[in-house]
Amino acid sequence: MATYHLQTPFSEQDMRQLKIGDIVFFDGTLFGIRDLTQIYIFDQNHEPPVSLAGFPIIHTAPSLRKVGDKWEKICVGTTTSTRMDRFTPPLIEKYGVRAVIGKGGQYQQSLDAMQKFGGVYLAIVGGAASLETELIEEVEEVFWEHLHPEALYKFRVKDFGPLTVAMDSHGGHRYFEVKAEAERRLPEIYQKLGVA
Amino acid sequence: MVDFDYNIVEEAAKQTYIKALTDLPPDVRQALHRAYERESQPAAKEIFQAMFKAIEIADNKKTLVCQDTGLPIYIMKVGGDFPWNGAEIKKRLVEGASRATLEFPFRGSSTHILTRINPQNSVGHGLPVIYWDFVEGSDTLEMLMIPKGSGSENMSTMKMFIPADGKAALKKFVLDAYIASGSNPCPPGIIGVGIGGTADLVMRLAKEAIARPVGQRSEDPEIAEMEVELEEAINATGIGPMGLGGDISTLAVHIEWAYTHITQNPVAVNTQCWPARRARATIHPDGKVEYGF
Ligand code: SF4
């Protein structure tokens, strides 16, 4: 396991060096998106008003408050990524997104896109919203406000992590691996439990 | 009946909801620290450290540990000598949960089943979930509040086995349910298991099991032994913190049980996440309230 401190935008090389099980922290720009944001982009054909190329995205519906015309953070947590699997390949291929941050991981099609274009899936610690909120320095912009809390958010973050590399650009998938290992151990566990 | 001020109940319902979301119980904190000590994989240890930081930030800033404010559950124990009007208490629990949401303020998570409209007050038809029990020889009203997030609640499962399936089927069911839930319930948390009763009671027992302080063993020695066995089995899977691999996959397995029908052998699993949130208020007849876990 290696620990990396990165800076956005990420290059292909930044991503290619990461292997599942590594830990990442990063500084810079992070875009928040969710189910509705991506339905708006891909199913309803709205072009993002800002370039996502080289940046990480996070699956979130943040709790924010608008004071004047500035948005302030209240509580930003992360949701389960499996629901949004079909959006990841085009996010990577068409918009150049380098890293997807969420919990629970995604499936083969996303893994294939990461392998092909040089991307990763970074698993955040679920349930630790207080920490995540603290690491967001500023909500710089909210695009498509009418979609809030599932709009497109531009956050500036510092030391954002720890994030575990759960899917890498070499075909590695940490959740699949952990599950396969559990299944390998299962017969012995059953036996010890007296249920074999 | 003495004149009891029910505003006290409403205030306690509000305060326990907020306390549960912002201040994790000491037994949960200690269990996470013990887990950190026992964990051997560096990446998994890093995850525990993030959890400790999240708890500390919530302590210092009085903010939510997790963004999912859940559905409110109130487990009520009414002393036989408590001067109570149940209907009024029920009304005040609804009000208190709603006021916590609006006045803190935090995101409401309740929604209509068909329109999917969220009233942003954590309640609505049929909510909060309220359990009532009655205690002889006590003059207090005890309120245990649990906000139940969806990541863990969605992993709930139950099965009506038959007597011929025996104890082995129950144990296998719990272990298989844990493996199937993977990273979803934000492990390592508490695995609540209900055994016996009817279909509805067995799930309620599993829910009461996650309400116990972490690691408090069943009073029944045979059941306590099953808890230990299941804990060891689950930790042996290597699924680990956040399902990313490690030695610690659960903080504890708790089992609650009841007698069942001669032809039945029901089991239920209800999982609680690593931020195993709960808060307690003990209300005395003179209006004094003590808060705890
Ligand atoms: S599973 Fe639990 S800890 Fe994880 S996000 Fe949901 S409520 Fe929070």
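About the cut-offs
- Residues numbered from 1 in each chain as written.
- Chains lettered and ligands numbered in written order.
- Predicted model: local features only at pLDDT ≥ 70, side-chain atom pairs only at ≥ 80, totals over all residues.
- Heavy atoms only, no water.
- Helix = DSSP H or I, 4+ residues; strand = E, 2+ residues; numbered from the N terminus.
- Rg over C-alpha atoms; globule rule 2.2 N^0.38 Å.
- Buried < 20%, exposed > 50% of the residue type's maximum accessible area, 1.4 Å probe, protein only.
- Contact = heavy atoms within 4.5 Å.
- Axes fitted to C-alpha atoms, helices over the stretch in contact; angles between N-to-C directions.
- Parallel < 35°, antiparallel > 145°, perpendicular 65-115°, else oblique.
- Left-handed = near helix turned anticlockwise from the far one by under 90°.
- Nonpolar A, V, L, I, M, F, W, Y, C, P; charged D, E, K, R; others polar.
- Domains from an automatic or database assignment.
- Buried area = accessible area lost by both parts, 1.4 Å probe.
- Salt bridge = Lys/Arg side-chain N within 4 Å of Asp/Glu carboxyl O.
- Polar contact = N/O pair within 3.5 Å; in protein donor to acceptor, adjacent residues only side chain to side chain.
- Near = heavy atom within 4 Å.
- pLDDT = per-residue confidence, 0-100.

Counting its secondary structure elements, chain B contains eight helices and nine strands. A globule of 293 residues ought to have a C-alpha radius of gyration of about 19 Å, and chain B, at 19 Å, matches this closely. Over its C-alpha atoms, taken along the principal directions, chain B stretches across nearly 55 × 50 × 40 Å. Buried positions account for 56% of the 293 residues belonging to chain B. When contacts within chain B are restricted to residue pairs at least 6 apart in sequence, those whose partners lie at least 24 apart make up 79%.

With that out of the way, let us pick up the side chain of A:Ser169. Mapped onto the fold, A:Ser169 is located in the loop between strand E9 (152-167) and helix H6 (174-193). A:Ser169 has contacts with A:Met15, A:Arg16, A:Met114, A:Gln115, A:Gly118 and A:Gly119, leaving out every residue within four places of it along the chain.

Right, let's get into the packing of helix H3 (residues 88-95) of chain A against helix H4 (residues 108-117) of chain A. Residues and elements named next belong to chain A. Closest axis-to-axis distance for the H3/H4 pair is 8 Å, and the angle between their directions is 20 degrees. Accordingly, the angle class assigned to the pair H3 and H4 is roughly parallel. Seen along the crossing, H3 lies across H4 with a hand that is left-handed. Taking contact as the criterion, the partners of Thr 88, Pro 89, Ile 92 and Glu 93 in H3 are, on H4, Gln 109, Ser 110, Ala 113, Met 114 and Phe 117. Class assignment of the residues belonging to the contact of H3 with H4 gives a composition of five nonpolar, three polar and one charged.

With that settled, consider the packing of H6(A) against helix H8 (residues 221-236) of chain B. As a packed pair, H6(A) and H8(B) sit with axes 10 Å apart at the nearest point and diverge in direction by 170 degrees. Regarding the angle of H6(A) to H8(B), the classification is roughly antiparallel. Residue-level contacts link A:Arg185, A:Ile189, A:Lys192 and A:Leu193 of H6(A) to B:Glu229, B:Leu230, B:Glu232, B:Ala233 and B:Ala236 of H8(B). Classifying every residue of the contact of H6(A) with H8(B) by side-chain character gives five nonpolar, no polar and four charged.

Our focus in this paragraph is the domain arrangement of chain B. Residues and elements named next belong to chain B. Here chain B is described as being made up of domain 1 (7-20 + 65-149 + 277-292) and domain 2 (151-272). Relative to domain 2, the C-alpha centre of domain 1 lies at a distance of 25 Å. Contacts between the two partners involve eleven residues from domain 1 and, on the opposite side, 13 residues from domain 2. Summed over both sides, the interface between domain 1 and domain 2 buries roughly 920 Å², with carbon and sulfur atoms accounting for 56% of that surface. Of all residues in domain 1, Tyr 131, Lys 148 and Arg 278 bury the most surface against domain 2, accounting for 54% of the area lost on that side. On the surface where domain 1 and domain 2 come into contact, there are one salt bridge. Measuring nitrogen to oxygen at the nearest pair gives 3.0 Å for the salt bridge that ties Glu 153 to Lys 148. At the surface where domain 1 touches domain 2, the tally comes to four residue pairs in polar contact (both at pLDDT 80 or more). Counting only elements with at least two residues in the side of domain 1 that touches domain 2, the list comes to strand E1 (71-79), strand E2 (129-135) and strand E3 (141-148). The biggest single contributor to the side of domain 1 that touches domain 2 is E3, with three residues.

Two side chains bearing opposite charge may form a pair once their charged atoms approach each other closely. Tallying each qualifying case throughout the model produces 39 salt bridges over all chains. For A:Arg34, the salt bridge is made with A:Asp35, and the minimal N-O distance between the two is 3.5 Å. The exposure class of A:Arg34 is buried, given its relative accessible area of 17%. Ionic pairing is found between A:Glu181 and A:Arg185, a salt bridge with its closest N-O pair at 2.8 Å. One end of the pair, A:Glu181, and the other, A:Arg185, are both in helix H6, four residues apart, so they sit about a helical turn from each other. Here A:Glu181 falls in the partly exposed class, since its relative accessible area comes to 27%. Residue classification places A:Arg185 among the partly exposed residues on the basis of a relative accessible area of 30%. It is possible to trace a salt-bridge network through shared partners that takes in B:Glu10, B:Glu11, B:Lys14, B:Glu88, B:Lys91, B:Arg92, B:Arg99 and B:Glu103.

With that settled, consider the site of the ligand. In the region of the ligand, 13 residues are neighbours, and A:Gly127, B:Cys66, B:Cys186, B:Cys273 and B:Pro275 sit closest. The local environment of the ligand is shared, drawing residues from chains A and B. Viewed by domain, the shell around the ligand spans two of them, domain 1 (7-20 + 65-149 + 277-292) and domain 2 (151-272) of chain B, each represented by three or more residues.

The next thing to look at is the confidence of the model for chain B. On average, residues of chain B score 96 in pLDDT, and 99% of them reach the 70 mark or higher. Under the prediction, the complex receives an ipTM of 0.96, its pTM being 0.96.

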